[in-house]
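# A closer look at the structure
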Amino acid sequence: MATHGDPLRVLVVDDEEELVHTLVERLDIRGYDADGVTNGHKALELIASSHYDVVLLDVKMPGLSGLQVMQTIKEKWPGIEVILLTGHGSANDAEEGMELGAFDYVMKPVRIENLLKILLAAVGREEGA
């Protein structure tokens, strides 16, 4: 886990490449250390080879779903917090994800200020700390 002085390591996982690029860019600009991938298999490969504090994970993805990826993360790397990304049609999936161990979920389109507050809360940091 990152200490107070270290940038928060965030992995963004969504099948919408433009969204991934935009979120990674916005997080990097704000001092986070963010990476992004567009499918669950790539996400699990990266998590296995790098350290992340938080994974921002789309619920609905082709192939390996966000909930399947989250279950694997929680089994293999229980110290990583997961925040689910969800569209209006998949709120039930987000609630199921919360029951399975997600820290929280964020509705798309993502408001960066809301996301930042949730990211900080997920790792026990206060705003501006």
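Conventions and cut-offs
Residues numbered from 1 in each chain as written. Predicted model: local features only at pLDDT ≥ 70, side-chain atom pairs only at ≥ 80, totals over all residues. Heavy atoms only, no water. Phe/Tyr/Trp six-rings, centres within 6.5 Å; stacked < 30°, edge-to-face > 60°. Lys NZ or Arg CZ within 6 Å of the ring centre and 35° of its normal. Pairing = 2+ DSSP bridges. Helix = DSSP H or I, 4+ residues; strand = E, 2+ residues; numbered from the N terminus. Salt bridge = Lys/Arg side-chain N within 4 Å of Asp/Glu carboxyl O. Buried < 20%, exposed > 50% of the residue type's maximum accessible area, 1.4 Å probe, protein only.

### Here's the deal with the packing of aromatic side chains
This structure, assessed with the given rule, holds zero aromatic pairs. Positioned above the aromatic ring of Y52 is the side chain of R9, whose terminal nitrogen or guanidinium carbon lies 4.5 Å from the ring centre.

### Observations concerning the pairing of strand β2 (residues 33–37)
Where strand β1 (residues 9–13) meets β2, five bridges bridge the pair, whose relative direction is parallel. Bridging across to β2, V10 finds its partner in A34.

### Digging into the pattern of salt bridges
Taken as a whole and assessed by the stated rule, the structure comprises seven salt bridges. Between D14 and K108 there is a salt bridge, and its shortest N-O distance comes to 2.8 Å. Highlighted residues: D14 in the loop between β1 and α1 (17–29) and K108 in the loop between β5 (104–107) and α5 (112–122), separated in sequence by 94 residues. For the residue pair D14 and K108, the accessibility class agrees, reading buried in each case.

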